[in-house]
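# Residue-level structure breakdown
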Amino acid sequence: MRVSLNASCPFNLDATLCCGQVFRWDRHDGWWYGVTGESVLKIRQIGDVLEFDNANTDFVKSYFGLKESLPEILSQISKDEHIKNAVDAFNGLRIIHQDPWECLISYICATYKNISAIRKMLFNISVKFGEKIRYEKYDFYTFPTSERLAKANIVELEDCGLGYRAKHLLATAKMVYNSKFDFEHLKQLSYEKAKEKLLNFSGVGLKVADCALLFSLEKFEAFPVDVWVKRAILKHYSSHFTKEFAEKISGKSLTKPEYEQLSFFGRSYFGKYAGYAQEYLYHYERMNH
DNA sequence: CAAGTGCCTTTATC
DNA sequence: AGATAAAGGCACT
């Protein structure tokens, strides 16, 4: 399948898959392979042409956020020179519409880990608890269902390299499975209400909730603040805070009120697409630190 | 090479 | 309410 992207629909597949929002995509021979739902999606971008196999066009457009008007979003968040530089560097980076269950579990695993470690944990979980799919010459695994993870035992999960995250993952899987939790319903709630619901899960604090809201529940005002975003804010937006506050939060992890303050700054300064600004700042900071 | 640091933080306990 | 310590393990220096 081929789709031509016109000038009003900028897209950068590599940046979108490399910027650390998703963890289960791999590149082989110039093509990206990832499991979405029950099947493997194979995709590459040559110039303004998107080529893919094993998926329909509507799904691809919706998964990669191609239905949002990126030029409109980028013009809304381009409030200053620094964000404009980040946007220019990675123009076409889009927020992926991930599966909410997989996204929540991924970011529970992500606490206090780096991206390569997160990828390993999620790979291990998928191999052990997911279904194998053979596609071309590679093996892939579906992301395990809440039922499968709810029925796992804690040692099996720890063996996936999860450490203390194993108990949070298990507790959340049990809550989701036993209550038949409806993630789709969260999309209809306000950012605040949906966040409140997510915070009830074990292993889900402000940062993890913001990631799930932004990357899978279409709450584009969510502004997750991790160490990289904190650094970017201190470097380029410190004038929005007192000198004492900036000094206090540098070089240590954030307390709850400190997190709230930074995240609130992001939402009010960048507006309703603050999450896009966050992702450009995050990626730009990581690539240029 | 050993040891230290950092990692897309949350929770339990004061 | 708000601060503090503890919680895998691995990659990188």
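Quick caveat, the model's predicted, so the values are computed rather than measured.

Taken as a whole, this structure holds 27 aromatic pairs when the rule is applied. A ring pair is formed by Tyr237 and Tyr269, whose centres lie 5.6 Å apart and whose planes are at 65°; its orientation type is edge-to-face. Of this pair, Tyr237 sits in the loop between helix 13 (227-236) and helix 14 (243-249) while Tyr269 sits in helix 15 (residues 256-270), and the two are 32 residues apart along the sequence. By relative accessible area, which is 1% here, Tyr237 ends up buried. On the basis of an interplanar angle of 80° and a centroid distance of 6.3 Å, the ring pair of Tyr273 and Tyr276 is categorised as edge-to-face. Exposure class is identical for Tyr273 and Tyr276. Each is buried. Grouping aromatic residues by their ring pairs yields a cluster made of Phe223, Tyr237, Phe241, Phe245, Phe265, Tyr269 and Phe270. The ring centre of Trp228 lies 4.3 Å from the NZ or CZ of Arg231, which sits over that ring. Its guanidinium or amino end placed over the ring of Trp228, Arg286 lies 5.4 Å from that ring's centre, counting from NZ or CZ.

Moving on, we get to the domain arrangement of chain A. According to the domain assignment, chain A consists of domain 1 (2-67) and domain 2 (100-216). Once you take the C-alpha centre of each, domain 1 and domain 2 turn out to be 22 Å apart. Across the contact, 17 residues belong to domain 1 and 18 residues belong to domain 2. Carbon and sulfur atoms make up 59% of the area that domain 1 and domain 2 hide from each other, which totals about 1,600 Å². For the interface between domain 1 and domain 2, the tally reads three salt bridges. Ionic pairing is found between Lys42 and Glu136, a salt bridge with its closest N-O pair at 2.8 Å. Our count for the domain 1 to domain 2 interface comes out at 10 residue pairs in polar contact (both at pLDDT 80 or more). Broken down by secondary-structure element, the contributors of at least two residues to the side of domain 1 that touches domain 2 are strand 2 (25-28), strand 3 (31-36) and strand 4 (39-46). The residue inventory of the side of domain 1 that touches domain 2, partitioned by class, reads five nonpolar, six polar and six charged.

Moving on: the pattern of salt bridges. Within this structure, the stated rule accounts for 17 salt bridges. A salt bridge links Arg119 to Asp26; its shortest N-O distance comes to 2.8 Å. Here Asp26 lies in strand 2 and Arg119 lies in helix 6 (residues 115-129), a separation of 93 residues in the sequence. Measuring nitrogen to oxygen at the nearest pair gives 3.3 Å for the salt bridge that ties Lys195 to Asp210. Taken together, the residues span a long stretch of sequence, with Lys195 in helix 11 (residues 191-198) and Asp210 in helix 12 (residues 206-216) at a distance of 15 residues. A single burial state applies to Lys195 and to Asp210, both of which are buried. A network of salt bridges, in which partner residues are shared, links Arg2, Arg44 and Glu51.

Scoring rules and cut-offs
- Throughout, residues of each chain are indexed from 1 in the direction in which the sequence is written.
- Here the convention is simple: chains get letters from A, ligands get numbers from 1, in the order in which they are written.
- Totals for whole chains, interfaces and linings use all residues, but because this is a predicted model, local features are given only for residues with pLDDT of at least 70 and pairs of side-chain atoms are given and counted only at 80 or more.
- Only hydrogens and water are set aside when side-chain values are computed; all heavy atoms of the structure are taken into account.
- Stacked, tilted and edge-to-face are the three classes applied to pairs of Phe, Tyr and Trp rings, where Trp contributes its six-membered ring and a pair requires centres within 6.5 Å; stacked means planes under 30 degrees apart, edge-to-face means over 60, and tilted covers the rest.
- Numbered from the N terminus, helices here are DSSP runs of H or I no shorter than four residues, and strands are runs of E no shorter than two.
- Between buried and exposed lies partly exposed: a residue is buried under 20% and exposed over 50% of the maximum accessible area for its type, with that area taken using a 1.4 Å probe on protein chains only.
- Only lysine NZ and arginine CZ atoms are considered, and such an atom sits over a ring when it is within 6 Å of the ring centre and within 35 degrees of the ring normal.
- Domain boundaries shown here were taken from an automatic or database domain assignment.
- By the convention used here, residues are in contact when the closest approach between their heavy atoms is within 4.5 Å.
- The term buried area refers to how much accessible surface (probe radius 1.4 Å) is lost by two components on association, counted for both of them together.
- In the sections that follow, a salt bridge refers to a side-chain nitrogen of Lys or Arg positioned within 4 Å of a carboxyl oxygen of Asp or Glu.
- Pairing of N or O atoms within 3.5 Å defines a polar contact, subject to two protein rules: one partner must be a possible hydrogen donor and the other a possible acceptor, and residues neighboring in sequence count only if both atoms are side-chain atoms.
- Three residue categories are used. Nonpolar comprises Ala, Val, Leu, Ile, Met, Phe, Trp, Tyr, Cys and Pro, charged comprises Asp, Glu, Lys and Arg, and polar comprises the others, including Gly.

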